[in-house]
Amino acid sequence: MDARGDFVRVEREGALAWVTLDRPPLNLIVPEMVEGIRSTFEALRRDPGVRAAVITGAGRATTGGMQLQVLRDLTPARAKTFIASLHEAIGVVHDAPFPTLCMINGACLGGGFELAMACDLRTAAPDAVLGLPEIRVGIPSVIEAALLPALVGPGRAAEMLLTGESVTAGQALAWGLVNRVAPRAELRAVTTELAGRILECAPTAVRLQKELMVRWRNTDQRTAVEYGVNAFAQSFATGEPREAMEAYLGKRRPHFAP
């Protein structure tokens with residue numbers, strides 16, 4: 001099944017949804033795309049058949065960031081409304097009930113990099129660049145830029161945020177910011193393989209794990225552990241643990257209900 005929204009295209013490959021920002025050549029972000037991202041992921045989260053999603057960009061970039069003509073003429077009030085809408089859209093991705101991956105096939109800057117950081121896993125082409133250049137056009141990096149220190153450490157995050165300089169895919173891999181780097185011709189296959197390893201696991205367990213990951217990011221350690229205890233017990237309400245363990249002991253592949 002394929003679908004198209006405002007500058008956002010969705011393709012289904014079984015339980016995997018491919019979400020493509022489709023405003024070439026650089027897929028620059030405009031309000032219509034922000035709404036397209038939000039509405040797309042709200043629809044995907046209501047679909048029980050979706051077990052993972054990949055975000056990428058059409059052509060030679062994931063996204064070059066915000067369309068500057070949109071930002072240039074904002075008033076303080078309109079700026080607050082706009083950035084709040086972007087945060088809401090990225091938040092729907094960040095809190096998705098299924099794992100999310102970002103396939104960075106080129107430039108991934110500004111709000112697009114914040115979208116990538118909101119995903120659980122990231123893959124990149126060797127010539128990809130990632131960064132938050134907002135400081136260079138007179139504004140701070142905000143909303144999901146707050147995820148950067150936890151991903152790369154406070155010192156590296158401070159350098160990126162205060163200079164606006166980008167990092168290469170190789171640097172991002174060394175820092176743990178991306179999980180895989182692969183030649184552009186192989187990137188989709190590598191990303192699909194990574195997503196496939198998730199899809200091989202017990203569906204309910206994956207959803208519980210993703211829910212815990214979101215809760216861990218948003219709560220204190222004591223509360224996070226309590227959530228984990230409840231999720232552990234909840235997993236035994238399904239037949240998945242028994243099937244997975246019997247398959248392991250019997251040296252066979254497990255068979256889970258879709």
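Each remark here, short or long, concerns the structure printed above.
Structure report, in brief. (Residues numbered from 1 in each chain as written. Predicted model: local features only at pLDDT ≥ 70, side-chain atom pairs only at ≥ 80, totals over all residues. Heavy atoms only, no water.)

This part is about helix H8 (residues 184-199). Working note: α-helix, 3.6 residues per turn, so residues spaced by three or four point in the same direction. Here H8 spans 23 Å end to end across 16 residues, near enough to the 22 Å set by a 1.5 Å rise per residue. Inspection of H8 places Leu187, Thr191, Leu194, Ala195 and Ile198 among the buried residues, and these make up the whole buried set. The arc enclosing the buried residues of H8, seen along the axis, measures out at 95°, which places them on a common side. Exposed and oriented more than 90 degrees from the buried face of H8 are Ala185 and Ala189. On its buried face, H8 is in contact with strand E3 (16-21), strand E4 (52-57), strand E6 (100-104), strand E8 (121-124), strand E11 (180-181) and helix H9 (203-218). (Helix = DSSP H or I, 4+ residues; strand = E, 2+ residues; numbered from the N terminus. Expected span 1.5 Å × (residues − 1). Buried < 20%, exposed > 50% of the residue type's maximum accessible area, 1.4 Å probe, protein only. Arc of directions from axis to C-beta. Contact = heavy atoms within 4.5 Å.)

Quick look at the environment of Ala189 now. Note that Ala189 resides in helix H8. Judged by relative accessible area, Ala189 falls into the exposed class, the value being 55%. Along the sequence, Ala189 and Leu132 sit 57 residues apart, while their C-alpha atoms lie 28 Å from each other.

Hydrogen bonds along the backbone pair up the strands of a sheet, which may run parallel or antiparallel. The sheet built from four strands is open, its strands ordered E5-E7-E9-E10 with mixed pairing. The open sheet has two edge strands with one neighbour each: strand E5 (61-63) and strand E10 (167-168). Pairing analysis gives two bridges linking E5 to strand E7 (residues 107-109), with the strands arranged parallel. Its bridge partner lying in E7, Thr63 is registered against Cys108. (Pairing = 2+ DSSP bridges.)

The next subject is the state of the cysteines. Evaluated as defined, the whole model comprises zero disulfides. The thiol sulfur of Cys108 is not disulfide-bonded, and the nearest other cysteine sulfur, from Cys102, lies at 5.0 Å. Cysteine Cys201 remains unbridged, with the sulfur of Cys119 as its closest cysteine sulfur at 19 Å. (Disulfide = S-S within 2.5 Å.)

This next bit is on the pattern of salt bridges. Enumeration over the complete set of coordinates arrives at 15 salt bridges. The salt bridge involving Glu211 is made with Arg215; its shortest N-O contact spans 3.1 Å. Of this pair, Glu211 and Arg215 both sit in helix H9, four residues apart, which is roughly one turn of the helix. Judged by relative accessible area, Glu211 falls into the partly exposed class, the value being 38%. Judged by relative accessible area, which is 29%, Arg215 ranks as partly exposed. (Salt bridge = Lys/Arg side-chain N within 4 Å of Asp/Glu carboxyl O.)

What follows concerns the nonpolar core. Ile37, Phe41, Leu44, Ile104, Phe113, Leu130 and Leu148 are the most contacted members of the largest nonpolar core, which totals 47 residues. It is helix H3 (residues 76-94) that provides the largest number of residues to this core, a total of six residues. The contact partners of Ile104, leaving out residues within four places of it in the chain, are Thr62, Ala116, Arg122, Thr123, Ala124, Ala125, Ala128, Leu130, Val178 and Leu187. With eleven residues, the next largest nonpolar core counts Trp18, Val54, Leu101 and Leu194 among its residues. (Core = buried A, V, L, I, M, F, W, Y, C linked by side-chain atoms within 4.5 Å.)

It is worth spelling out the packing of aromatic side chains at this point. Here the structure, examined in full by the defined rule, presents two aromatic pairs. The ring centre of Trp18 lies 3.8 Å from the NZ or CZ of Arg188, which sits over that ring. (Phe/Tyr/Trp six-rings, centres within 6.5 Å; stacked < 30°, edge-to-face > 60°. Lys NZ or Arg CZ within 6 Å of the ring centre and 35° of its normal.)

Here the residue pair Pro24 and Pro25 is connected by a cis peptide bond, since its omega of 10° sits within 30 degrees of zero. Considering the arrangement of structural elements, one finds Pro25 in the loop between E3 and helix H1 (31-45). A positive phi angle, near 40°, is found at Ile143, a position not held by glycine. With respect to the secondary-structure elements, Ile143 resides in the loop between strand E9 (129-131) and helix H5 (148-152).

Glancing now at the environment of Gly106. With respect to the helices and strands, Gly106 occurs in the loop between E6 and E7. Placed eleven residues apart in sequence, Gly106 and Asp95 show a C-alpha to C-alpha distance of 25 Å. If near-sequence neighbours (up to four positions away) are discounted, Gly106 is found in contact with Arg60, Ala61, Thr62, Ala128, Val129 and Arg184.

Now for a nonpolar patch on the surface. Together, Leu68, Val137 and Ile139 make up an exposed nonpolar region whose accessible area comes to about 240 Å². One can find Val137 in the loop between E9 and H5. (Patch = residues over 30% accessible without salt bridge, like charges linked within 9 Å, V, L, I, M, F, W, Y side chains within 5 Å. Areas by Shrake-Rupley, 256 points an atom, 1.4 Å probe, with all protein chains shown as cover.)

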